Amino acid sequence: MQAQETNKASEPGFVLKGQVKDATGNPLSDVTVKIAGKSKSVLTDNNGSFQLSNVTAGSKISFSHVGFKMQEVAVSSSSLDITLEAAPKELEEVVVDGYRTSTKVGSVSATGKVDGKVMENKPFSSFQQSLQGKVAGVTVVGFSGQPGAEQSIRIRGLGSMALSSNPLIVVDGMIMNTGNLANNIKTMDALSGINQNDIENVTVLKDAAATSLYGSRGSNGVIVITTKAGKYGKTKVNVDVEAGNSKAMDLPKGGRPLNADQYAEMFREVLANAGQTSAQIETAANSYGLNSGKSNNWYDLVTRTGKQEQYNVSMSGGTDKTKLYASAGLFKQDATTVGADFNKKTILLNVDHKINDRITFTSGMNVSQVSQNAPYADAFFGNPTYAARYLRPFQLAYNDDGTLNTSTTGNTNFPGVYNPLVIAKYDKKNMEQTRILGNAKIRWNIFDKLYYTSYFSVDYNTMEETTFLNAIMGDGKGVNGRSKNYFERYFNWLARNQFDYNFNVPGVDNLNISATAGYEAQQSKFYLLAADGYGMPSAASGLTALSNAATPVGTYGQNSGYSFVSGYGILSANYNNRFVLTGSLRRDGSSRFAINNRYADFYSAGGAWNIDQEEFFAKQHVLSSLKLRSSYGITGNANLSDYAWMPLVSYSGATGYAYNGITGQQYTTPGNTDLKWERSKKFDAGLDFGFAHNRFNLIVDYYYNNIDGLIQNVNTSYTSGFSSTLKNVGAMVNRGWEFTLNGNIVQTKNFTWTTNFNIAFNKNKVTSLYAGTNPLNGQFYLKEGYNYYNYYMKEYAGVDPDNGDALYYTDSTHSKTTNKGAQAGYVVLNKQANPKYIGGFSNTFNYKGITLSVDVNYSMGNYIYGASDLNFTSGVNYTINKYLYIYEHRWTTPGQVTDVPKYSLTQDNTTSTYRLYKGDYIRLRNVSLGYDFINMKKVALFKKYGINKLNVYVRGTNLATILFDKRLPFDPEVSYSGFDSNTMNKYKTITCGINVGF
């Protein structure tokens, strides 16, 4: 539509109509349109159209939108079409930290940002899963397929040897208690109650310039989550509905359990190799049911098709005075493994109110209720995943009459590992979590550009854990059933008072100074009450409550807590958007350290040069923008237990240390009053490139993190009553490169193609250890100059083709082999558990409302160890089922060249690289295809019901994985230490959804 002159333009109070588009001709919604100097405004709709009343001839109309230059146009007609120009980068605001915001040109930090739209409606129970592959240098490992399970996050590598390496999580300014806060349920994530649809954006802080603001807790990086807030304009309502199915991801071929015929063949073979006669073999075969004609597939029995659904309703709107965002959500997921499910309900309310021209008030309330049923994890007999690997096909799940087999005698029954279907039906392992996260903030513009902000937040978290172990089979049989109850409560509060001042230096053109000073206090208290009882009613399996127990085993309660107090300051100088200098200082005090080391200082200094602001930059035509930035600083790690520094004693009443009816006392922890914070000295240097008017952007970072004062258990004299104590004695370095490339490859009126690729390389090296450190650290070589997770074990040399014996190298020269594992020497391998490089690749295609998004993530250069694979690979344990790779590649004939030894009762089971696998993988993380119904107002039915947005889509997650080791028997996404822990199989989903806007 072209601007047209009408008679109305000369009349007072006419109606101005028009449309706003971007440079490519696409309509822009939510553009603020107002008469300059007036408060009343309107927003453009999904077609970019607007209608503004009471416009007079000659008025100036302003158009503003985030990411675009504001424009003012004088009215010359009653119809006006506008094309907005993209704003230069200095006008694009980004969240730098939880204390203030900065423009992109004014930032000196290395950060990564994930927009909330990327996370919306993903079929994940935890928001962290949506971060995988999205930010360079960030690894998210969900090593369990249990819905709601804890997600392990690493930013730029391993942050500590003994303490947690997970980053600090901040939600709307609140520093959260995170991780698995439960006592009995081992797959719980404290943050699983956050609704992904409520997230506006997630900012990852990586370097010292950003993380030092969090002082003693910023060493491992910081993740800042901002939830959605109300926006000016008419109230909008969005309804999202998604439903579908999930299935366990396909096992790698090499790790599939044997079927009945394959197992029977291996069973007879191992006995024949042991010299038994045919009669002896068949006697054993009959005992184990091999000739019964009955068998089952345990993997199929313990896995299922799970249902997945989520519903979200949100409302956003506001006036010049008050803006509001409210939402409610329901997420339900039946896991693909029996006995597991996850449900959560969420409510969010965020309100912004302008009290007057100088005072604004903001408050938020985020309430969630999570319910999780989770079977055992790890190598427990009650773990269905472990049981599916372990149990023989001839151990029958059901009796002939169709009832569950609960017999614990006989080789076709369950004398060892339990029937997982019985455990799933009768055991109960439930966790109910209720979390209330509230905050309030008042901001006062005292005068000119001096602001005072007072912030207060409370994170109230309760968990009720109920465990019932049945009397029929499993861990509760020996005590006729057992019931355990846990009640946990966390009360965490934080208060912050802060002054911000911004001014232009008098007499110096274009020099801006901003200063921040603040005080922060936080306290978290934990309370636990637990009870345990034996002897449950056998006649009524449904009576699982603890009050039905015949024998009280014990009750106990405990409490603990921590506190932090902090003073901090930030000073920044910006000269004409060319040169930026920033410095910060924070002094932290914490109850987690003794009084003599309770306080410490943390600081950073950083600078940036926006080279594209220089006159000489305009003389070249390759780059459209260029920025050089660097920072250095010191941060800390306080992720140790609340009383690790303190010498502790324990008391006991009727049992334990009691004597003659009097409670006894015993020292249990030596403590160390000289314990200090672990410190990370962080250096970062980065370059930001822009090409083709910033359609394409390349971000390059180099980092060097020198972590010292690492806390380790150090051997001490037994005369102290203890074998070790904690000391600050270690150091290590993480260094690496990060590359992020993104851009709009194709950008036309009808078709766009955007892409984002990132890759990060990390090298870890231990630089200091206490004298006398044993280099054999499990399967790793703990020594200065090596990766902390550098494997150290005997090296498998293959199979002797003449007799099928396993061979091992005698030393690192590989000059000699032996078939006796005891004669093989330990070798420092050039193999590590942590990946050498990680990244992601995302593409979005849009054509006339049809959108296709594809996300891929990858991890390369690491090896993983099958901690329980001895059971599933060795003939010594022939009564346990085996991996398919063992069946297909085992040595059977003289002269055969293979990598699996003879299946034998005397097979050497030396811990070696035989059970070490490449962990490299590429995963198709997410694929979605949707259609956005455009020109909604042209559809009468939609207009009748007030529908202004309609989008339908289908989505698939974890659809395919490329592996690089044919021997690998399990999913390669395991813990950061490289161990497979027999956790629940991960799942893939297919869901359909609809999004409706009113």
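What you are looking at is a predicted structure, and each value in this text was computed from that prediction instead of being measured. (Residues numbered from 1 in each chain as written. Predicted model: local features only at pLDDT ≥ 70, side-chain atom pairs only at ≥ 80, totals over all residues. Heavy atoms only, no water.)

## Observations regarding the overall build of the protein chain
Inference 1: Looking only at helices and strands, the protein chain features 10 helices and 50 strands.
Inference 2: Computed over its C-alpha atoms, the radius of gyration of the protein chain comes to 32 Å, within 12% of the 30 Å expected for a compact globule of 998 residues.
Inference 3: Projecting the C-alpha coordinates of the protein chain onto the three principal axes gives extents of approximately 110 × 70 × 65 Å.
Inference 4: A total of 998 residues make up the protein chain; the buried ones form 53% of that total.
Inference 5: Nonlocal contacts in the protein chain, meaning residues at least 24 apart in sequence, comprise 69% of its contacts between residues at least 6 apart.
Inference 6: Accessible surface for the protein chain amounts to roughly 42600 Å². Of this, 54% is attributable to carbon and sulfur atoms. (Helix = DSSP H or I, 4+ residues; strand = E, 2+ residues; numbered from the N terminus. Rg over C-alpha atoms; globule rule 2.2 N^0.38 Å. Buried < 20%, exposed > 50% of the residue type's maximum accessible area, 1.4 Å probe, protein only. Contact = heavy atoms within 4.5 Å. Areas by Shrake-Rupley, 256 points an atom, 1.4 Å probe, with all protein chains shown as cover.)

## Some points on the pairing of strand E11 (residues 138-141)
Inference 1: The alternating pattern of E11 places Val138 and Val140 on one face and Thr139 and Val141 on the opposite face, and all of these are buried.
Inference 2: Summarising the sheet, E11 and strand E12 (residues 152-155) pair through 4 bridges and their orientation is antiparallel. In the strand pairing of E12, Val140 is matched with Ile153. (Pairing = 2+ DSSP bridges.)

## Examining the packing of aromatic side chains
Inference 1: Under the counting rule described, the total for this entry stands at 43 aromatic pairs.
Inference 2: Plain terms: the ring middles of Phe761 and Tyr837 are 5.4 Å apart, the flat faces sit at 35 degrees to each other, and that makes the pair tilted. Remark: Tyr837 occurs in strand E43 (residues 837-847) and Phe761 occurs in strand E35 (residues 751-768); sequence separation between them is 76 residues.
Inference 3: Classification of Phe761 by relative accessible area gives partly exposed; the value is 35%.
Inference 4: Assessed through its relative accessible area of 30%, Tyr837 is described here as partly exposed.
Inference 5: Among the aromatic side chains, those forming a connected cluster through ring pairs are Phe780, Tyr788, Tyr789, Tyr791, Tyr865, Tyr976 and Phe979.
Inference 6: In this arrangement the basic side chain of Arg154 is found over the ring face of Tyr976, its NZ or CZ atom lying 5.2 Å from the centre. (Phe/Tyr/Trp six-rings, centres within 6.5 Å; stacked < 30°, edge-to-face > 60°. Lys NZ or Arg CZ within 6 Å of the ring centre and 35° of its normal.)

## Notes on the pattern of salt bridges
Inference 1: Inspection of every chain in the model, using the stated rule, returns 34 salt bridges.
Inference 2: Ionic pairing is found between Arg967 and Asp965, a salt bridge with its closest N-O pair at 3.5 Å.
Inference 3: Take Asp965: its relative accessible area is 13%, and that puts it in the buried class.
Inference 4: Linked by salt bridges that have partners in common, Arg156, Lys206, Arg629, Asp684, Asp688, Asp701 and Glu738 make up one network. (Salt bridge = Lys/Arg side-chain N within 4 Å of Asp/Glu carboxyl O.)

## A short note on the sheet that holds strand E49 (residues 979-980)
Inference 1: Overall, mixed pairing links the 3 strands, which are arranged E46-E45-E49 in an open sheet. Looking at strand neighbours, the two that pair on one side only are strand E46 (916-918) and E49, the edges of this open sheet.

## A short note on unusual backbone geometry
Among all residues except glycine, the phi angle is most often negative; among peptide bonds, the trans geometry is most common.
Inference 1: Positive phi, normally seen in glycine, also occurs at Asp172, with a value near 50 degrees.
Inference 2: Among the residues examined, Asp172 registers a relative accessible area of 23% and is labelled partly exposed.
Inference 3: A positive phi angle, close to 65 degrees, is found at Asn694, a residue other than glycine.
Inference 4: Relative to the elements of secondary structure, Asn694 occurs in the loop between strand E32 (678-691) and strand E33 (696-715).
Inference 5: Taking the relative accessible area as the measure of exposure, Asn694 reaches 29% and is therefore partly exposed.

## As for the packing of helix H3 (residues 260-273) against helix H4 (residues 278-287)
Inference 1: With their axes 10 Å apart at the nearest point, H3 and H4 run at an angle of 145 degrees to one another. As for the relative orientation of H3 and H4, their crossing is right-handed in sense. Across the interface between the two elements, Phe267, Arg268, Leu271 and Ala272 from H3 touch Ile281, Glu282, Ala284 and Ala285 from H4.
Inference 2: Split by residue class, the contact of H3 with H4 holds 6 nonpolar, no polar and 2 charged. (Axes fitted to C-alpha atoms, helices over the stretch in contact; angles between N-to-C directions. Left-handed = near helix turned anticlockwise from the far one by under 90°. Nonpolar A, V, L, I, M, F, W, Y, C, P; charged D, E, K, R; others polar.)

## Digging into the UniProt feature "domain: TonB-dependent receptor plug" (unreviewed entry) in the protein chain
Inference 1: Cross-referencing UniProt, the feature "domain: TonB-dependent receptor plug" (unreviewed entry) maps to residues 110-222 in the present numbering.
Inference 2: In this annotation, residues 110-222 is assigned 7% helix and 24% strand; the end-to-end C-alpha distance for the span is 12 Å. (UniProt positions renumbered as here; feature names shortened; annotations may be inferred.)

## A word on a nonpolar patch on the surface
Inference 1: Together, Ile850, Leu852, Leu929, Tyr931, Phe933, Ile934, Val952, Val954, Leu959, Ile990 and Ile994 line one region of the surface with nonpolar side chains, adding up to about 810 Å² of accessible area.
Inference 2: Elements that contribute at least two residues to the nonpolar patch include exactly strand E44 (850-860), strand E47 (921-932), strand E48 (949-963) and strand E50 (987-997).
Inference 3: Per-element accounting of the nonpolar patch gives the leading share, 3 residues, to E48.
Inference 4: With respect to the helices, strands and loops of the structure, Val954 is situated in strand E48. (Patch = residues over 30% accessible without salt bridge, like charges linked within 9 Å, V, L, I, M, F, W, Y side chains within 5 Å.)

## Overview of the side chain of Asp708
Inference 1: In this structure, Asp708 sits in strand E33.
Inference 2: Note on Asp708: relative accessible area 18%, which makes it buried.
Inference 3: Sequence-distant contacts of Asp708, defined by excluding residues within four places in its chain, comprise Glu678, Arg679, Lys681, Gly730 and Ala731.

## Examining the sheet that holds strand E3 (residues 41-43)
Pairing between the strands of a sheet is mediated by backbone hydrogen bonds and can be parallel or antiparallel.
Inference 1: Ordered by their spatial adjacency, 4 strands build an open sheet running E3-E2-E5-E6, and the pairing between neighbours is antiparallel. The sheet is open, and its two edges are formed by E3 and strand E6 (71-74), each paired on a single side. Sheet twist, expressed as the average angle between the axes of neighbouring strands with direction ignored, equals 20 degrees.
Inference 2: In this structure, strand E2 (residues 32-35) lies alongside strand E5 (residues 60-64), joined through 4 bridges in antiparallel fashion. Considered in E5, the bridge of Thr32 is made with Ser64.

## Structural notes on the environment of Val974
Inference 1: If you trace the backbone, Val974 turns up in the loop between E48 and E49.
Inference 2: Between the C-alpha atoms of Val974 and Ala74, which are 900 residues apart in sequence, the distance is 62 Å.
Inference 3: Sequence-distant contacts of Val974, defined by excluding residues within four places in its chain, comprise Val141, Phe143, Ile864, Phe979 and Asp980.

## What to know about the confidence of the model for the protein chain
Inference 1: With 96% of its residues at a pLDDT of 70 or more, the protein chain has an overall mean of 91.
Inference 2: Within the model, pLDDT remains below 50 along residues 1-10, and this stretch shows 20 contacts once partners closer than five positions in the same chain are excluded. (pLDDT = per-residue confidence, 0-100.)

## Structural notes on the nonpolar core
Inference 1: Phe267, Leu271, Leu290, Trp298 and Phe970 are the most contacted members of the largest nonpolar core, which totals 53 residues.
Inference 2: Residue assignment for this core shows that the elements contributing at least two residues are H3, H4, helix H5 (298-302), helix H6 (384-390), helix H7 (420-426), strand E39 (796-799), strand E40 (806-809) and helix H9 (884-889).
Inference 3: In terms of residues, this core owes the most to one element, H3, which gives 7 residues.
Inference 4: For Trp298, the residues in contact, after removing those within four places along its chain, are Ala388, Leu391, Arg392, Pro393, Gln395, Leu396, Ala397, Phe414, Asn419, Pro420 and Leu421.
Inference 5: In terms of nonpolar packing, the next biggest core, distinct from the first, is built from 35 residues, Ile155, Leu168, Met176 and Tyr455 among them. (Core = buried A, V, L, I, M, F, W, Y, C linked by side-chain atoms within 4.5 Å.)

## Observations regarding H4
Inference 1: Listed in full, the buried residues belonging to H4 are Ile281, Ala284 and Ala285. Along the long axis of H4, the arc covered by the buried residues comes to 105 degrees, so they all point the same way. Along H4, the residues that are exposed and aim more than 90 degrees away from the buried face are Ala279 and Thr283.
Inference 2: Check the buried side of H4 and you find it contacts H3. (Arc of directions from axis to C-beta.)

## Some remarks on a positive patch on the surface
Inference 1: Side chains of Arg735, Lys763, Lys765 and Lys836 sit close together on the surface and give a patch of like positive charge.
Inference 2: Considering the arrangement of structural elements, one finds Lys763 in strand E35. (Lys, Arg positive; Asp, Glu negative; His and termini not counted. Charge placed at Lys NZ, Arg CZ, Asp CG, Glu CD.)

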